[in-house]
Amino acid sequence: MNIILLGPPGAGKGTQAHHLVATRDMIQLSTGDMLREAKDSGTEMGKRVAEVMARGELVTDEIVIGLIREKLECGKGGGFIFDGFPRTLPQADALGQLLSECGETLDAVIEMQVDDEALVDRITARSTCSNCGEVYNDNTKPIPADGVCTKCGEAHEFTRRADDNEEALRNRLMEYYKKTSPLVGYYYAKDMLSRINGLGSVKDVQGSIAAILDR
Ligand code: AMP
């Protein structure tokens with residue numbers, strides 16, 4: 001089963017994708033993670049995209065489609081979770097094409113709806129374990145006092161993303177509304193769209209997603 005988690009920055013796509021990987025043998029394909037990896041490893045492409053990402057703008061379709069093409073191994077695992085991809089209509093068309101070349105289909109597109117106020121609050125309070133990527137929130141899930149990550153059990157640094165500041169977030173939201181939100185209509189017209197309330201607890205949202213995958 002191949003699905004897209006669609007939603008603005010801070011909607012909880014990554015958190016939900018991690019849960020699906022752990023419980024359903026699915027494979028998460030996050031273009032944001034791939035781009036951050038390229039940036040941290042200092043590749044030419046990483047250097048080129050670093051400033052674009054820090055400003056909160058979208059990287060070119062050509063680059064992200066290339067990344068997905070590289071990582072998409074046909075017929076693997078319990079299916080793919082596309083997290084943060086596609087973000088534009090050309091990316092959505094390219095994904096359809098890549099999946100059909102694999103003999104695969106897209107089975108569900110889950111739009112996680114969260115209001116803008118909540119997004120700003122979530123993102124400016126967010127930090128991540130640099131070892132395993134577990135996400136913490138200053139208000140709802142603070143970093144443990146002993147500095148040991150509850151997921152990987154290791155004491156590593158907890159970092160804030162360079163683009164998790166208010167200015168970059170405003171740009172990321174604008175990019176979402178201008179370029180990504182048309183995908184809601186695109187997948188609705190293809191009869192693939194399911195909408196869920198992304199504002200509930202992590203468990204509630206897990207339940208809403210499971211109800212869609214198991215129906
Ligand atoms: P994310 O981790 O999904 O929030 O992505 C972080 C940043 O990476 C975004 O703000 C963009 O600059 C870039 N990015 C990630 N995925 C894409 C994509 N599908 N298309 C264009 N840019 C992307």
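Residues numbered from 1 in each chain as written. Predicted model: local features only at pLDDT ≥ 70, side-chain atom pairs only at ≥ 80, totals over all residues. Heavy atoms only, no water.

## With respect to the overall build of the chain
In step 1: Scanning the chain from terminus to terminus reveals nine helices and eight strands.
In step 2: The C-alpha radius of gyration of the chain comes to 17 Å, within 12% of the 17 Å expected for a compact globule of 215 residues.
In step 3: With the C-alpha coordinates aligned to their principal axes, the bounding extent of the chain is approximately 50 × 40 × 35 Å.
In step 4: Split into buried and exposed, the 215 residues of the chain put 45% on the buried side. (Helix = DSSP H or I, 4+ residues; strand = E, 2+ residues; numbered from the N terminus. Rg over C-alpha atoms; globule rule 2.2 N^0.38 Å. Buried < 20%, exposed > 50% of the residue type's maximum accessible area, 1.4 Å probe, protein only.)

## Some thoughts on the nonpolar core
Most often, soluble globular proteins have nonpolar side chains that are buried together.
In step 1: Within the largest apolar cluster, 34 residues are counted, with the highest numbers of intra-cluster contacts made by I4, L35, V59, L72, F82 and Y187.
In step 2: Going through the elements one at a time, β1 (3–6), α2 (31–40), α3 (44–55), α4 (61–71), β3 (80–83), α5 (89–101) and α8 (182–189) are the ones with two or more residues in this core.
In step 3: The residues contacting V59, other than those within four sequence positions of it, are L35, V49, V52, M53 and V64. (Core = buried A, V, L, I, M, F, W, Y, C linked by side-chain atoms within 4.5 Å. Contact = heavy atoms within 4.5 Å.)

## Digging into a negative patch on the surface
In step 1: Residues D115, D116, E117 and D121 make up a contiguous surface patch of negative charge.
In step 2: Mapping D121 onto the fold places it in helix α6 (residues 116–124). (Patch = residues over 30% accessible without salt bridge, like charges linked within 9 Å, V, L, I, M, F, W, Y side chains within 5 Å. Areas by Shrake-Rupley, 256 points an atom, 1.4 Å probe, with all protein chains shown as cover. Salt bridge = Lys/Arg side-chain N within 4 Å of Asp/Glu carboxyl O. Lys, Arg positive; Asp, Glu negative; His and termini not counted. Charge placed at Lys NZ, Arg CZ, Asp CG, Glu CD.)

## Some words on the side chain of D83
In step 1: Relative to the assigned elements, D83 resides in strand β3.
In step 2: Of the side chains bearing the opposite charge, K13 lies closest to the buried D83, which forms no salt bridge; the N-O distance is 5.1 Å.
In step 3: Residues in contact with D83, not counting those within four places in the same chain, are L5, K13, G14, A17, Q28, L29, S30 and T31.

## A word on the packing of aromatic side chains
In step 1: Per the stated rule, a full pass over the model turns up five aromatic pairs.
In step 2: Ring centres of Y186 and Y187 lie 4.8 Å apart, and the angle between their planes is 85°; this geometry places the pair in the edge-to-face category. Y187 matches Y186 in its accessibility class, with the two residues each being buried.
In step 3: Members of the aromatic cluster, connected to one another through ring pairs, are F80, F82 and F85.
In step 4: One cation-aromatic arrangement involves K141 over Y136; the distance from NZ or CZ to the ring centre is 5.0 Å. (Phe/Tyr/Trp six-rings, centres within 6.5 Å; stacked < 30°, edge-to-face > 60°. Lys NZ or Arg CZ within 6 Å of the ring centre and 35° of its normal.)

## Side note on the pairing of β1
In step 1: Where burial is concerned, the two faces of β1 agree: the one with I3 and L5 and the one with I4 and L6 are both buried.
In step 2: Inspection of the sheet shows β1 paired to β3 by three bridges, in the parallel sense. Along β3, the bridge assignment pairs I4 with F82.
In step 3: Bridge count between β1 and strand β4 (residues 108–113): four bridges; the pairing is parallel. Its bridge partner lying in β4, L5 is registered against I110. (Pairing = 2+ DSSP bridges.)

## Side note on the state of the cysteines
In step 1: The final tally for this structure, using the stated rule, is one disulfide.
In step 2: Note that C74 is cross-linked by a disulfide to C102, the S-S spacing being 2.0 Å. Looking down the S-S bond of the C74 and C102 bridge, the torsion is -75°, so its handedness is left-handed. Residue C74 is located in the loop between α4 and β3, and its partner C102 is located in the loop between α5 and β4; the two are separated by 28 residues in the primary sequence.
In step 3: By relative accessible area, which is 47% here, C74 ends up partly exposed.
In step 4: Free cysteine C132: the closest other cysteine sulfur is in C149, separated by 3.7 Å.
In step 5: What makes C132 partly exposed here is its relative accessible area of 23%.
In step 6: With a relative accessible area of 2%, C149 lands in the buried category. (Disulfide = S-S within 2.5 Å.)

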